[in-house]
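The residues making up each chain are set out below.
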Amino acid sequence: MVTTSIKWLRRNLFSNWWNTGLTVLVLYVLWSAVPPFIDWAFVSAVWHGEGRAACLGPGKGACWPFVYANLDQFIYGRYPAELRWRVNVAFLLGLAGLVPMLIPRVPAKFWNLGYLVIAWPMIAIVLISGDRPGLIGVDTDLWGGLLVTLIVAITGIVASFPLGVLLALGRRSEMPVIRSLSTIFIEFWRGVPLITVLFMASVMLPLFLPREIHLDNLLRCLVGVALFSSAYMAEVVRGGLQAVPRGQIEAARALGLSYWQTMGLVVLPQALRHVIPGIVNTFIGLFKDTTLVLIVGLFDFLGQVRVQLSDMHWSTPQGAATGYVFAAFVYWVFCFGMSRYSAFMERRLNKGMVR
Amino acid sequence: MTKSPIIEIAHVDKWYGDFHALKDVSLSVAEGERIVIAGPSGSGKSTLIRCINRLEAHDKGRIAVDGIELTEDLKRIDEVRREVGMVFQQFNLFPHMTVLENCTLAPIWVRKQPQEEAEATAMRFLERVRIPEQALKYPGQLSGGQQQRVAIARALCMNPKIMLFDEPTSALDPEMIKEVLDVMVGLANDGMTMICVTHEMGFAREVADRVVFMDQGEIVEEAPPAEFFTSPKSERTKAFLAQILRG
Ligand SMILES: Nc1ncnc2c1ncn2[C@@H]1O[C@H](COP(=O)(O)OP(=O)(O)O)[C@@H](O)[C@H]1O
Ligand SMILES: [Mg+2]
């Protein structure tokens, strides 16, 4: 046992002078960065207490009480505390749709998907906005934190996937008008930075629209993010479409399948499998890009962390670092989750289909 | 033996850009007739049979299948495709579906058959091509000969009146060619109308009613196999036969 691991080390880390040098350098960097971080985040960290006084003092690490004391703001922003249960119900209803969707063994995927992308969003919007007689309305200005991050990310993901697939098909269509329109649309949105899109959505759009039409700032950003990410999604899907041999389309058409049947039953199932990593990569990028809504005055999760940092009651030298480490950790959990799930799906789908 | 023509191709021309791929091609096929199309590579054999189910659109002339003339009209194209099965050189099975799913896809979605009925039919045709035991495997797990037999079964499940074969054995290892040809001979003996592009001259001799020889986008000669092989008329046919029978 010991000898085999020594052999493994020899072979992989110390096989020649160059590798040995690299190994030593990496070990040195790890040694100088990891223990101090662990010390700061766990050993010398403050775990209990109230207010800045608890965290002040020489040699103290991360100020975790700041995180728990502000957790509600991080999650809900300024959403009224007595109505937060509505957000929780919406979240749980979403989870109730998402979990069975992600487990391949659970049947009725079609209805499940319908619930998840049509029924649930409508229920969730009503619950969260309270925009129905009998419910207390909550203006979107009050929404914040993880709530806004998830709303932007989920809207982007749910809207960009079907839009992206349609655009990718459009760009490969045999009809010149559809092909050019799709290409122009994709290239326009890919050529503009998301920040610009958000600025235009929030600052310029109202200038062009008639005064009577009032579009909510959050809604405008959602539309911007959805269109922007659908252009990226379209290019990823197009890559997958190109990997499907022409003969597949010909065989399907020769059997009498219509264009949409050919695409939906034969081409897309193969194309999407090829690009699962690319699709998830786009979702992860989108999830992280949601932080940009900060610059048009929306307080997403990261924005809310920054707001709480400016609270005098918690102002400490290590406060900012604590807040950002926590924010980074939360983003990482979401993105890593998506990445693992995609790896799982890829393995599962590749098991049957041997080429 | 006078039967009504089930395929009528009259004075058809086809261009790929400037390239004249089919030149004034006329061919009429009676119900139950077996045609073998031969000719050098690039002579337009694939183009011609792909015009019959409109995988390619002809530019001039008239093509009618079972009385339905092929035009831009998508409904008619779909009608024709339901009557015409096609088998490709590269098999073109759907790799993400099992053999059985490959066979039931079109019957379920195009003919709107109930799943059980489609599966029963599929199993019957898989037995006929002698691979029922592979029904639940994926195409990638089968040999080339097996895949091509599945492709034939898949086309037969739509209950076509006509079968088109585009060099069905050209991508196969020699030892698998016979198993596919045997299935095709069986099909011919059952009276299926067939148009086969193939260089298997033994097959042509055995089953063809007529051999059609194409070169440079034209039909150069057509004759019953006995006549075609023993006394070809044109020089081009002679040259082609000399080459193919030697090789
Ligand atoms: N999609 C296409 N675009 C341009 N040229 C083509 C296309 N398909 C076939 N051709 C050309 O048309 C000619 C006939 O092709 P094909 O019918 O495939 O010949 P065969 O099947 O007899 O070998 C060839 O010269 C080929 O290069
Ligand atoms: Mg060919």
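Note: the structure precedes this text.
So, here's what we can say about the structure. Everything numeric in this text was worked out from a predicted model, so none of it was measured. (Residues numbered from 1 in each chain as written. Chains lettered and ligands numbered in written order. Predicted model: local features only at pLDDT ≥ 70, side-chain atom pairs only at ≥ 80, totals over all residues. Heavy atoms only, no water.)

Notes on the packing of helix α5 (residues 84–102) of chain A against helix α6 (residues 109–129) of chain A
All names here are of chain A. Keep this limit in mind: The convention used is that axes are lines fitted to C-alpha atoms, helices contributing only their stretch in contact, and that angles between N-to-C directions extend from 0 to 180 degrees. Strands are runs of DSSP state E lasting at least two residues, helices are runs of H or I lasting at least four, and both sets are numbered from the N terminus onward. In what follows, roughly perpendicular refers to angles from 65 to 115 degrees, roughly parallel to angles under 35, roughly antiparallel to angles over 145, and oblique to any angle outside these ranges. Any two residues whose heavy atoms approach within 4.5 Å are treated as being in contact. We call Asp, Glu, Lys and Arg charged. Ala, Val, Leu, Ile, Met, Phe, Trp, Tyr, Cys and Pro are nonpolar, and the rest, Gly among them, are polar.
Interhelical geometry of α5 versus α6 gives an angle of 170 degrees and a closest axis separation of 9 Å. By the angle class used here, α5 and α6 are roughly antiparallel. The segment α5 lies against α6, with R86, V87, V89, A90, L93, G94, G97, L98, P100 and M101 engaging K109, N112, L113, Y115, L116, W120, I123, A124, L127, I128 and S129. The residue inventory of the contact of α5 with α6, partitioned by class, reads 15 nonpolar, four polar and two charged.

A word on the environment of D182 of chain B
Residue and element names in this part refer to chain B. So the rule is basically this: Categorising residues by exposure relies on relative accessible area from a 1.4 Å probe, with only protein chains included: less than 20% of the type maximum marks a residue as buried, more than 50% marks it as exposed, and the intermediate range marks it as partly exposed.
In this fold, D182 is placed in helix α6 (residues 174–189). Judged by relative accessible area, which is 32%, D182 ranks as partly exposed. The spatial distance from the C-alpha of D182 to the C-alpha of F203 is 9.2 Å, given a sequence separation of 21 residues.

Observations concerning the interface of chain A and chain B
Test applied: Summed over both partners, buried area is the accessible surface (1.4 Å probe) that two parts give up on being assembled. By definition here, a salt bridge exists when the distance from a side-chain nitrogen of Lys or Arg to a carboxyl oxygen of Asp or Glu is within 4 Å.
At the interface, 20 residues of chain A touch 25 residues of chain B. Of all residues in chain A, A254, L255 and L265 of chain A give up the largest surface area on contact with chain B, accounting jointly for 30% of the area buried on that side. The salt bridge involving R50 of chain B is made with E250 of chain A; its shortest N-O contact spans 2.7 Å. Taken together, the elements giving at least two residues each to the side of chain A that touches chain B come down to α11 (246–254) and α12 (259–274) of chain A. With seven residues, the top contributor of residues to the side of chain A that touches chain B is α11 of chain A. For the side of chain A that touches chain B, the residue count by class is ten nonpolar, six polar and four charged.

A closer look at helix α7 (residues 145–171) of chain A
Here is the rule: Between the first and last residue of a helix there are one fewer steps than residues, each counted as 1.5 Å, and that sum is the expected span. To get the bend at a residue, fit one axis to the 7 residues ending there and another to the 7 starting there, then take the angle between the axes.
Relative to the 39 Å expected for 27 residues at 1.5 Å per residue, α7 of chain A spans 37 Å between its end C-alpha atoms, a close match to the ideal helical length. Remark: the principal bend of α7 of chain A, roughly 30 degrees, maps to S160 of chain A, with a proline, P162 of chain A, within the next four residues.

Examining the pairing of strand β3 (residues 34–38) of chain B
Residue and element names in this part refer to chain B. Which entries qualify depends on this criterion: Any two strands are treated as partners once DSSP identifies two or more bridges connecting them.
Taken across its five residues, β3 has five buried, putting it largely inside the fold. Because side chains alternate across β3, one face comprises the buried residues R34, V36 and A38, and the other comprises I35 and I37, equally buried. Where β3 and strand β8 (residues 193–197) come together, four bridges link them in parallel fashion. Bridge pairing in β8 links R34 to M194. In this structure, β3 lies alongside strand β9 (residues 210–215), joined through four bridges in parallel fashion. Counterpart to A38 in the pairing with β9 is F213.

Considerations on the site of ligand 1
Residues and elements named next belong to chain B. This is how it is decided: Near residues are defined by distance, with any heavy atom within 4 Å of the molecule or strand qualifying the residue. Counted as a polar contact is a pair of N or O atoms within 3.5 Å, where, for protein atoms, one must be capable of donating a hydrogen and the other of accepting one, and residues adjacent in sequence contribute only when both atoms are in side chains.
In the vicinity of ligand 1, the contacting residues are Y16, F19, P40, S41, G42, S43, G44, K45, S46 and T47. G42 is positioned such that a nitrogen or oxygen atom in its backbone is 2.7 Å from an oxygen atom of ligand 1. One nitrogen or oxygen atom from the main chain of G44 is found 3.0 Å from an oxygen atom belonging to ligand 1. A total of three residues in the shell around ligand 1 trace back to one element, the largest contributor, which is helix α1 (residues 45–52). Split by residue class, the shell around ligand 1 holds three nonpolar, six polar and one charged.

Some details on unusual backbone geometry
With glycine set apart, most residues show a phi of negative sign, and most peptide bonds adopt trans. All names here are of chain B. Residue F91 is not a glycine yet carries a positive backbone phi of 65 degrees. Examined against the element boundaries, F91 turns out to sit in the loop between β6 (84–87) and α3 (99–109). Although it is not a glycine, R130 sits at a positive phi angle of roughly 65 degrees. With respect to the element layout, R130 can be found in the loop between α4 (115–128) and α5 (144–156).

A few points about the nonpolar core
Put simply, the rule reads: The criterion is simple. A nonpolar core is a set of buried Ala, Val, Leu, Ile, Met, Phe, Trp, Tyr and Cys residues joined through side-chain atoms within 4.5 Å. Start and end points for every domain follow an automatic or database-based domain assignment.
Ranked by internal contacts, the top residues of the largest apolar core, which has 93 residues, are Y79 and W143 of chain A together with I9, I37 and I195 of chain B. The biggest single contributor to this core is helix α10 (residues 217–242) of chain A, with eleven residues. Each of two domains, domain 1 (65–70 + 146–351) and domain 2 (80–137) of chain A, supplies a minimum of three residues to this core. The contacts of I9 of chain B, once residues within four sequence positions are left out, are V25, S26, L27, L48, I52, R62 and I63 of chain B. Within the second largest apolar cluster, 49 residues are counted, among which are A38, V129, M176 and M192 of chain B.

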